[in-house]
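Here are the chains, one letter per residue:
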Amino acid sequence: MFRSCVFTCASVLFLASFVSEVSAVQGLTPGPVELQSIGPMTFASDGVLLVGDPKAATVYAIDMNSDAADASANGSSMPAIKDLKAAVASAISAPASEVTIGELAVDEDSQSIVISAQSRGRVSLLKVNHDGKVESINLDKIAHASKQLPNPPADEVTGEGRRRKNLRMESITDLAFFDGKVIVSGVSAGDSPSSVSEFPFPFSDNSVVTNVQIYHAAHGRVEEPTIRTFVPMMIDGEPTVLAGFTCTPLVRFPIDSLDGKETVRGTTVAELGNWNTPIDLIAYEKDGKSNLLMSNTARGLMKISTENIQNAAGLTERVDNGGTAGQSFQKIDNLDGVTQMDKLSASQAVAIVGKPEETQQLLVIDLP
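1. Observations concerning the overall build of the protein
- Looking only at helices and strands, one finds two helices and 29 strands in the protein.
- For a compact globule of 368 residues, the expected C-alpha radius of gyration is about 21 Å, and the protein comes in at 22 Å, within 12% of that figure.
- Classification of the 368 residues of the protein by burial places 52% in the buried group.
- Contacts spanning at least 24 positions in sequence make up 54% of the contacts within the protein whose residues lie at least 6 apart.
- For the protein, the exposed surface amounts to about 17300 Å²; the carbon and sulfur share of it is 47%.
- Computing the positive centroid from 29 side-chain charges and the negative centroid from 45, the protein places the two 5 Å apart.

See below:
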């Protein structure tokens with residue numbers, strides 16, 4: 001009788017411990033996550049972080065609930081981190097000179113902030129607490145699921161001269177969570193490399209992969225460049241992807257058209273200037289109007305109007321000499337140097353400011 005009670009009690013304690021390690025989100029189980037490369041990140045629902053690993057051509061869903069920042073924190077009161085590399089270096093016990101800051105993701109519901117970084121070949125995820133302290137997230141036994149993308153490019157360097165590169169590192173260029181699904185942009189193997197993949201969340205075997213092309217106004221021709229950043233949103237009741245490409249067209253794709261049946265040509269709704277690559281893109285409303293905010297490598301931060309964007313016929317003529325056309329926009333001069341960014345609330349965003357070779361800061365900024 002006594003032995004039976006001891007066994008039962010111990011079993012209950014073990015079961016309780018096991019259950020506490022399993023995510024409340026269906027489909028996520030505890031185990032190690034070993035990221036091979038820095039890639040885009042975003043939050044899905046229920047505090048789950050989506051992380052793209054281009055080298056592995058894999059998307060991870062990681063439960064941040066057990067390792068999230070203080071959900072009661074007010075992000076607007078978070079102090080600026082004046083030297084983000086130094087803060088990360090301290091958290092992962094590495095020299096600041098060997099730290100590369102990666103991506104940024106914010107959970108608007110909990111105001112949890114996560115950044116990625118790489119040092120000595122190791123990729124880390126870190127949380128930023130409301131007091132500005134940076135802490136490493138233990139990925140050794142964390143609830144997660146993974147999804148490998150179909151038909152990624154081979155992990156090898158190809159091409160000649162300045163075009164020589166490893167296309168596998170572009171297998172995931174951006175990702176988003178929208179209407180219960182994960183949307184991923186990147187490069188696929190084959191003759192039509194620019195693609196958009198869609199699959200259910202957390203994950204399942206079925207994936208819909210659609211090749212995309214655009215009219216590139218700065219070049220005056222139809223091309224199949226890779227989407228660099230995108231944002232899904234409802235425009236006039238229609239689910240839509242607005243995507244930014246190098247050099248710098250902004251292109252509209254109805255999500256319903258991305259069904260994998262044939263190559264889809266988007267509608268080029270703006271040309272924002274050549275010799276430039278978009279980095280991040282977020283959508284927000286201010287003063288009753290919908291806007292996009294785009295960070296770029298060479299042309300600063302742009303506030304782009306979405307007025308009548310769903311009805312724009314699109315650009316079909318060449319735009320020469322670095323000119324601009326289509327949707328109106330304004331450069332935000334007082335927020336120059338923004339690279340990574342994500343929405344914190346309806347009125348604010350968190351941003352990494354400064355180029356990789358410079359001292360980089362983490363700031364809370366007001367949406368312009």
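2. Some remarks on the pattern of salt bridges
- Counted according to the given criterion, the structure contains 11 salt bridges.
- The partner of Lys133 in a salt bridge is Glu135, and the shortest N-O contact between them spans 4.0 Å.
- Linking Arg318 and Asp320 is a salt bridge whose minimum nitrogen-to-oxygen distance equals 2.6 Å.
- One connected set of salt bridges, linked through shared partners, spans Lys127, Lys133 and Glu135.

3. Considering helix α2 (residues 84-92)
- Looking only at α2, the buried set comprises Leu84, Lys85, Val88 and Ala89. For α2, the angular spread of buried residues about the axis comes to 135°, placing them on one side.
- Buried positions along α2 lie against β5 (99-107), β6 (112-119), β7 (122-128), β8 (134-136), β28 (348-353) and β29 (361-366).
- Positive backbone phi, at 55°, marks Ser93, one or two positions downstream of α2.

4. Regarding the environment of Arg299
- Examined against the element boundaries, Arg299 turns out to sit in the loop between β23 (289-296) and β24 (302-305).
- Taking the C-alpha atoms as reference points, Arg299 and Lys331, 32 residues apart in sequence, are found 8.0 Å from one another.
- Ignoring any residue separated from it by four or fewer positions in sequence, one finds Arg299 in contact with Leu272, Gly273, Asn274, Asn276, Gly322 and Lys331.
- Polar contacts involving the side chain of Arg299 include one to the main-chain carbonyl oxygen of Asn274, which spans 3.1 Å.

5. Considerations on unusual backbone geometry
- Here the residue pair Phe201 and Pro202 is connected by a cis peptide bond, since its omega of 0° sits within 30 degrees of zero.
- With respect to the helices, strands and loops of the structure, Pro202 is situated in the loop between β14 (194-200) and β15 (208-216).
- Look at the link from Cys247 to Thr248: it is a cis peptide, with omega at -25°.
- Relative to the elements of secondary structure, Thr248 occurs in the loop between β18 (238-245) and β19 (249-254).
- Here Asn151, not a glycine, exhibits a phi torsion of approximately 60°, which is positive.
- Of note, Asn151 is situated in the loop between β9 (142-148) and β10 (157-158).
- One non-glycine residue with positive phi stands out, namely Asn308, at about 60°.
- Residue position: Asn308 is located in the loop between β24 and β25 (325-326).

6. Observations regarding the packing of aromatic side chains
- A complete count under the given rule lists two aromatic pairs for this structure.
- Taking the centre distance of 5.6 Å and the plane angle of 65° together, the rings of Phe199 and Phe203 count as edge-to-face.
- Across the ring face of Phe199, the terminal group of Lys147 is positioned such that the distance to the ring centre comes to 5.5 Å.

7. Here we look at the pairing of β18
- When you tally the buried positions in β18, you get six out of eight residues, the bulk of the element.
- Across eight bridges, the pairing between strand β17 (residues 227-235) and β18 is antiparallel. Bridged to Met233 within β18 is Thr240.
- Count of turn residues in the β17/β18 antiparallel hairpin: two residues, of which Asp236 carries a positive phi of about 55°.
- With five bridges connecting them, β18 and β19 associate as antiparallel partners. The residue of β19 that forms the bridge with Ala243 is Val251.
- Hairpin connection of β18 to β19: three residues between the antiparallel strands, including Cys247 at a positive phi of 95°.

8. Overview of the sheet that holds β8
- The antiparallel open sheet is built from four strands, whose spatial order is β5-β6-β7-β8. Unpaired on one side and paired on the other, β5 and β8 mark the two borders of the sheet. Between one strand axis and the next, the sheet turns by 30° as a mean value, whatever way the strands run.
- Across the face of the sheet, α2 comes into contact with β5, β6, β7 and β8 while running at roughly 95° to β5.

What counts, and where the lines are drawn
Residues numbered from 1 in each chain as written. Predicted model: local features only at pLDDT ≥ 70, side-chain atom pairs only at ≥ 80, totals over all residues. Heavy atoms only, no water. Helix = DSSP H or I, 4+ residues; strand = E, 2+ residues; numbered from the N terminus. Rg over C-alpha atoms; globule rule 2.2 N^0.38 Å. Buried < 20%, exposed > 50% of the residue type's maximum accessible area, 1.4 Å probe, protein only. Contact = heavy atoms within 4.5 Å. Areas by Shrake-Rupley, 256 points an atom, 1.4 Å probe, with all protein chains shown as cover. Lys, Arg positive; Asp, Glu negative; His and termini not counted. Charge placed at Lys NZ, Arg CZ, Asp CG, Glu CD. Salt bridge = Lys/Arg side-chain N within 4 Å of Asp/Glu carboxyl O. Arc of directions from axis to C-beta. Polar contact = N/O pair within 3.5 Å; in protein donor to acceptor, adjacent residues only side chain to side chain. Phe/Tyr/Trp six-rings, centres within 6.5 Å; stacked < 30°, edge-to-face > 60°. Lys NZ or Arg CZ within 6 Å of the ring centre and 35° of its normal. Pairing = 2+ DSSP bridges. Axes fitted to C-alpha atoms, helices over the stretch in contact; angles between N-to-C directions.

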